[in-house]
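# Residue-level structural notes
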Amino acid sequence: MNQANADQAVRVIDDLFFRPDAQQIVASDDELRELIARTELPPLLAALAAATDDVGFVPERLRPPLTPVDTEPHPHGGMSQAQQEEARELALAGLQRLRDEGRVTAAPLSEELTDEILLFLSDGNAGWLNSLKHELNVAPSGQGAPEWNAAESLNGREFPVLVVGAGVSGIAAGYRFRQASLDVTVIDADVELGGTWYKNRYPGVRLDTPTFGYSYSFAQKGDWPQQFARGEEILEYLREVVSLAGLADSIEFQTRLLRAEWRGQEGVWEVTLGTPAGEETRHFSAVVSAVGQLDRPNIPDFTGMEQFQGRVVHTQEWDPDIEVAGKRVAVIGTGASAYQVVPAVAEEVSSLVLFQRSAPWMLPAPNYHAPLTETFHWLSDSVPNFAQWYRLWMVLGGIPGRLHTVTATPDWGGAPLSVSEKNQEVRDTLINILQEQFASRPELAAIAVPNYPPGAKRMLRDNGVWARALLQENTTVVTSGVSRFTERGIIDGAGVEHELDLVVLATGFRPSDYLEGIEVRGRDGQSIHDFWAGDARAHNGVTVPGFPNFYLLYGPNVGGVVAGGLHFMLERATEYALKSVRAVIDSGAQAIDVRREALERFVAWVDAGNELMSWGQPYVSTWYQNNSGRVSQVWPYTNAEYWEVTEAVVEADHEFLR
Ligand code: NAP
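Computed from a prediction, not measured in an experiment: that's the story for all the values here.

So, on to the packing of aromatic side chains. Applying the stated criterion across every chain yields a total of 28 aromatic pairs. For the pair Phe376 and Tyr390, a centre-to-centre distance of 5.0 Å together with 65 degrees between the ring planes defines the contact as edge-to-face. Of the two residues, Phe376 is situated in helix H12 (residues 374-382) and Tyr390 in helix H13 (residues 386-398); the sequence distance between them amounts to 14 residues. Residue Tyr390 is classed as buried on the basis of its relative accessible area of 13%. The interplanar angle of 75 degrees and the centroid separation of 5.1 Å between the aromatic rings of Trp635 and Tyr642 together place this pair among those described as edge-to-face. Each member of the pair, Trp635 as well as Tyr642, is classed as buried. Among the aromatic side chains, those forming a connected cluster through ring pairs are Phe17, Tyr175, Tyr216, Phe218, Trp224 and Tyr237. Between Arg201 and the ring centre of Tyr198, over which it is positioned, the NZ or CZ distance is 4.7 Å. The positively charged end of Lys221 is found above the aromatic ring belonging to Trp224, 5.4 Å away from the centroid.

Glancing now at helix H3 (residues 41-52). The end-to-end C-alpha separation of H3 is 16 Å, in line with the 16 Å expected for 12 residues at 1.5 Å each. Of all 12 residues making up H3, 12 are buried, and the element is well covered by its neighbours. Restricting attention to buried positions, one finds in H3 the residues Leu41, Pro42, Pro43, Leu44, Leu45, Ala46, Ala47, Leu48, Ala49, Ala50, Ala51 and Thr52. Residues of H3 that are buried in the fold lie against helix H2 (29-37), helix H4 (81-101), helix H5 (111-121), H12 and H13. Positioned one or two residues after H3, Asp53 has a phi angle of 55 degrees, which is positive.

So, about the nonpolar core. Within soluble globular proteins, side chains that are nonpolar generally end up buried alongside one another. With 176 residues, the main nonpolar core has Ile117, Leu182, Tyr216, Val331 and Trp389 as its most contacted residues. The dominant element in this core, judged by the number of residues it contributes, is helix H19 (residues 566-587), at 10 residues. Ignoring any residue separated from it by four or fewer positions in sequence, one finds Trp389 in contact with Pro43, Ala46, Ala47, Ala50, Leu109, Ile117, Leu118, Leu121, Leu136 and Val138. By size, the runner-up hydrophobic cluster in this structure holds 19 residues, among which are Trp361, Val426, Val561 and Val631.

Here we come to the site of the ligand. Around the ligand there are 24 residues in total, and Arg206, Ala336, Ser337, Ser358 and Lys457 lie nearest to it. Here a nitrogen atom of the ligand sits 3.1 Å away from a polar atom, N or O, in the side chain of Gln340. The separation between an oxygen atom of the ligand and a polar main-chain atom of Ala506 is 3.2 Å. For the ligand, whose accessible area on its own is 900 Å², the fraction buried by protein is 83%. Split into classes, the residues belonging to the shell around the ligand amount to 10 nonpolar, 9 polar and 5 charged.

With that settled, consider the packing of H2 against H4. Where H2 contacts H4, the two axes come as close as 10 Å, and the packing angle between them is 130 degrees. By the angle class used here, H2 and H4 are oblique. At the point where H2 passes H4, the crossing takes the right-handed sense. Within the contact between the two elements, H2 uses Asp29, Leu32, Arg33, Ile36 and Ala37 and H4 uses Arg88, Ala91, Leu92, Leu95, Gln96 and Arg99. Residues of the contact of H2 with H4, tallied by class, amount to 6 nonpolar, 1 polar and 4 charged.

This paragraph deals with a negative patch on the surface. Residues Asp321, Glu323, Glu347 and Glu348 make up a contiguous surface patch of negative charge. Here Glu347 shows up in the loop between helix H11 (336-346) and strand E10 (351-355). In this structure Glu347 comes out as exposed when scored by relative accessible area, which is 71%.

As a further point, take the pattern of salt bridges. Under the counting rule described, the total for this entry stands at 45 salt bridges. Residue Arg441 pairs with Glu443 through a salt bridge whose shortest N-O separation is 2.7 Å. Judged by relative accessible area, Glu443 falls into the partly exposed class, the value being 46%. Overlapping salt bridges, with partners in common, bring together Arg259, Glu261, Arg263, Glu270 and Glu279 in one network.

Once that is clear, we can look at the environment of Ala506. Here Ala506 is to be found in the loop between strand E17 (502-505) and strand E18 (519-521). Separated by 170 residues in sequence, Ala506 and Ala336 have C-alpha atoms that sit 8.5 Å apart. Sequence-distant contacts of Ala506, that is, excluding residues within four places in its chain, are made with Thr315, Val331, Ile332, Gly333, Ser337 and Ala338.

In this section: the sheet that holds E18. Sheet strands pair by backbone hydrogen bonding; their relative direction is either parallel or antiparallel. On the basis of which strands lie adjacent, the open sheet formed by 4 strands has the order E6-E5-E4-E18 and mixed pairing. Both outer strands of the open sheet, strand E6 (278-284) and E18, are each paired with one neighbouring strand and no more. Sheet twist, expressed as the average angle between the axes of neighbouring strands with direction ignored, equals 20 degrees.

Right, let's get into the sheet that holds strand E19 (residues 550-552). The strand order across the open sheet built from 5 strands is E3-E2-E1-E7-E19, with neighbouring strands paired in parallel fashion. Across the chains shown, the open sheet's two edge strands, defined by having one partner strand only, are strand E3 (251-252) and E19. Judged from the 5 bridges that link them, strand E1 (residues 160-164) and strand E2 (residues 183-187) form a sheet pairing that is parallel. Bridging from a neighbouring strand, Val164 pairs with Ile187 of E2.

Axis separation between H3 and H13 bottoms out at 9 Å; the angle between their running directions is 135 degrees. On the basis of their axis angle, the class for H3 and H13 is oblique. Crossing of H3 against H13: the hand is right-handed. The residues of H13 that touch H3, namely those facing Pro42, Pro43, Leu44, Ala46, Ala47 and Ala50, are Phe386, Trp389, Tyr390 and Trp393. Of the residues assigned to the contact of H3 with H13, the class counts are 10 nonpolar, no polar and no charged.

Mapped onto the fold, Asp492 is located in strand E15 (residues 489-492). For Asp492, which is buried and forms no salt bridge, the nearest opposite charge comes from Arg484, at a distance of 10 Å. Those residues in contact with Asp492, other than ones at most four positions away along the chain, are Phe355, Val478, Ser480, Gly481, Ser483 and His498.

Bridge analysis of strand E4 (residues 256-263) against strand E5 (residues 268-275) gives 7 bridges, and the strand direction is antiparallel. What sits directly across from Arg259, in E5, is Thr272. Between E4 and E5, which pair antiparallel and follow one another directly, the connecting turn spans 4 residues, one of which, Gly267, has a positive phi of 70 degrees. Pairing of E4 with E18, which is carried by 3 bridges, proceeds in the parallel orientation. What sits directly across from Arg259, in E18, is Glu519.

What counts and how
- Residues numbered from 1 in each chain as written.
- Predicted model: local features only at pLDDT ≥ 70, side-chain atom pairs only at ≥ 80, totals over all residues.
- Heavy atoms only, no water.
- Phe/Tyr/Trp six-rings, centres within 6.5 Å; stacked < 30°, edge-to-face > 60°.
- Helix = DSSP H or I, 4+ residues; strand = E, 2+ residues; numbered from the N terminus.
- Buried < 20%, exposed > 50% of the residue type's maximum accessible area, 1.4 Å probe, protein only.
- Lys NZ or Arg CZ within 6 Å of the ring centre and 35° of its normal.
- Expected span 1.5 Å × (residues − 1).
- Contact = heavy atoms within 4.5 Å.
- Core = buried A, V, L, I, M, F, W, Y, C linked by side-chain atoms within 4.5 Å.
- Near = heavy atom within 4 Å.
- Polar contact = N/O pair within 3.5 Å; in protein donor to acceptor, adjacent residues only side chain to side chain.
- Areas by Shrake-Rupley, 256 points an atom, 1.4 Å probe, with all protein chains shown as cover.
- Nonpolar A, V, L, I, M, F, W, Y, C, P; charged D, E, K, R; others polar.
- Axes fitted to C-alpha atoms, helices over the stretch in contact; angles between N-to-C directions.
- Parallel < 35°, antiparallel > 145°, perpendicular 65-115°, else oblique.
- Left-handed = near helix turned anticlockwise from the far one by under 90°.
- Patch = residues over 30% accessible without salt bridge, like charges linked within 9 Å, V, L, I, M, F, W, Y side chains within 5 Å.
- Salt bridge = Lys/Arg side-chain N within 4 Å of Asp/Glu carboxyl O.
- Lys, Arg positive; Asp, Glu negative; His and termini not counted.
- Charge placed at Lys NZ, Arg CZ, Asp CG, Glu CD.
- Pairing = 2+ DSSP bridges.

And the structure:
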């Protein structure tokens, strides 16, 4: 492909990382066979169909059945042996064709071929096509780039937008709003971009979902090194996205939103920002909050903590200068953060005390610390857009995710330990793994089994490192709780004192306190915190009645936990916010305000979904619920439903302020 054509391809494909050309294949047939034997077949066939413009690579008879994933994913989406054999022959023919024809670039995909390939991958599930096209950068239509340019509609009207936060959500908002030519200011209270990935630098920090399910649709990095990316790799990715998006110089750091007040007369938000130079007042037509959900550490009020002569640090406040080697360390908590810290420090410390209030459920992930394979990198380099198809395959698997394993059967007899027959089956499978892992120490095996249903709290991914760390001779697992701190350490609930140098609080966050520390006053001076009264609610997770032109990203009830993906949800929320801004500008109105009925309908709908999930059962306690017991953090449906509700800003659900 010559440079002019390459530039053309880059322009039409909404992906900051897009590389149109693969490298010429020179491998022999035998080498190709070996590569195929080690690869996931459905995304390879999809990529070959796209690269050769040949629907013959995705025949209906080879559609993967997408056998529901209870614990570990099924290779090739559950294809039968016969399907796999035929698929391998087909893949060989495809790779030979790329090699022999010297084909290194895929032709633009037609709508028809895109649909055929997506129906192949999804086993004919037409209901998923829209959400899949959103994620497929090479699809001819359907991605999240705005099809509207504010500059053409504003007619000289000023419409400055404030994005609060330069983490995963804020970067998406900054990028998309800029793409629509809006005047965007991004602020961040920290000194660096990256949000949670900048802050969380504790030992062992890495993704707890597969890397290829954790990137923007508009920035599809193909050369990730790890199956589950390390924290620093994600931070580096975010820096690269910001740089490629041209946002790098326009983020105002060390700038915190303190107050936002709607000035109805002028139709603007008056915001007060805290900066190193003091408070500053500015005006914006719209405010997009991208302040994150898991950002405010939960620091329990342990008796005597102030007397302790050693150091206490929350995982999010980890200081890279902390030395653990040879130290007496305690970790309090057994969630996703603890799961990463404990194995990462266990071998270095002189002693480790783990305070476990409840045991974690862990899904088997044998490749948790593994790099992406050489075969993967070869395919990614040699088959046009293979990494994009592989990413799509990961996203697709996440659509149903494991929802079926956590859906409750009313009046199920296994409560409070399981919520359905399938949930009990998963429970039994996971208990068997735990019993095997802890076989040498039955007393640990007994306390390693959670006393709540799988899925009620975040399930971790494990390759055995947790059990290994707990089984070490220098590790003590305490289940009697923290009674109090002393100068020397912690006295546990059984009265035993543990002498310590360092206490790591892996005690999580306060996710239900949305917008904590920020005063937001909407129409008639109403405070958003008064409106919520501790139970944050937003229509589609994005808008709140009485707060015009105000948008929440990663807001209430849009976090997927056993299905879906973070980036999909927050990109769709961003696109929805942008459509709402467009509705204001195109209509010549000053502002848009969602009606209360629309919010109530949305909340009733998500509540009904959550009540059927393991985390929605009255007998479980989880960070997915807020203080009033309502599940306000979690989305109970699939990506496909969120695509639907965020597709249009329904006029009847809104009031336009003029
Ligand atoms: P978490 O899941 O809320 O876990 C907090 C832990 O601290 C729980 O075991 C909790 O016990 C315990 N705890 C809290 N207060 C306590 C107290 N007063 N005394 C004793 N124990 C106490 O927090 P997290 O591990 O930081 O994870 C939060 C979320 O962040 C995760 O679910 C995940 O979504 C995200 N995360 C992601 C990654 C990743 O992708 N790599 C890594 C870390 C976190 P109970 O369970 O009994 O309440």
